[in-house]
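# Coordinates in review
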Amino acid sequence: MINRGPYAWVKYTPGEPILPNNPNEGSVKRRNEKKRMRLRRAFKLAEAKKRKAQMQEANRKKIKQVERKMAAVARERAWAERLVELQRLEEEKKKAMA
């Protein structure tokens, strides 16, 4: 393989600091690849956070649904007890009338 010089030539005046927007040759390599990796990682984290939020919302809905069903069962049970009580009172009334 033939050495063709550095990956990127950097303007450098001896004694002056190298600006961050004008970096040395080593940091220029893989810049786009690193950027792409960073973006992918950020995207994955954002998607994971989104999925977690969706799951929490689904679980909340499920819990509310179960609570509604339990409340309906309790209402039904209370109504059945009340109905039995009313029938018993009606029977007592009939016995008292007769």
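The structure this text deals with has already been given above.
Notes on the structure in this doc start here. Bear in mind that the values here come from a model prediction, so they are computed numbers and not experimental data. (Residues numbered from 1 in each chain as written. Predicted model: local features only at pLDDT ≥ 70, side-chain atom pairs only at ≥ 80, totals over all residues. Heavy atoms only, no water.)

## Examining the overall build of the chain
- Each helix and strand in the chain was counted, giving 2 helices and 0 strands.
- Relative to its full complement of 98 residues, the chain shows a buried share of 3%.
- Of the roughly 10,100 Å² that the chain leaves accessible, carbon and sulfur atoms contribute 57%. (Helix = DSSP H or I, 4+ residues; strand = E, 2+ residues; numbered from the N terminus. Buried < 20%, exposed > 50% of the residue type's maximum accessible area, 1.4 Å probe, protein only. Areas by Shrake-Rupley, 256 points an atom, 1.4 Å probe, with all protein chains shown as cover.)

## Quick word on the pattern of salt bridges
- Counted according to the given criterion, the structure contains 4 salt bridges.
- A salt bridge links E47 to K50; its shortest N-O distance comes to 3.1 Å. In this pair, E47 and K50 both sit in helix α2 (residues 31-97), 3 residues apart, roughly one turn of the helix.
- A relative accessible area of 23% places E47 in the partly exposed class.
- Two residues, E92 and R88, come together in a salt bridge whose shortest N-O distance is 2.5 Å. Linking E92 with R88, this pair stays in helix α2, spanning 4 residues, or about one helical turn.
- Through salt bridges that share partners, E85, R88 and E92 make up one connected network. (Salt bridge = Lys/Arg side-chain N within 4 Å of Asp/Glu carboxyl O.)

Spatial relationships are all this shows, so hold off on functional conclusions.
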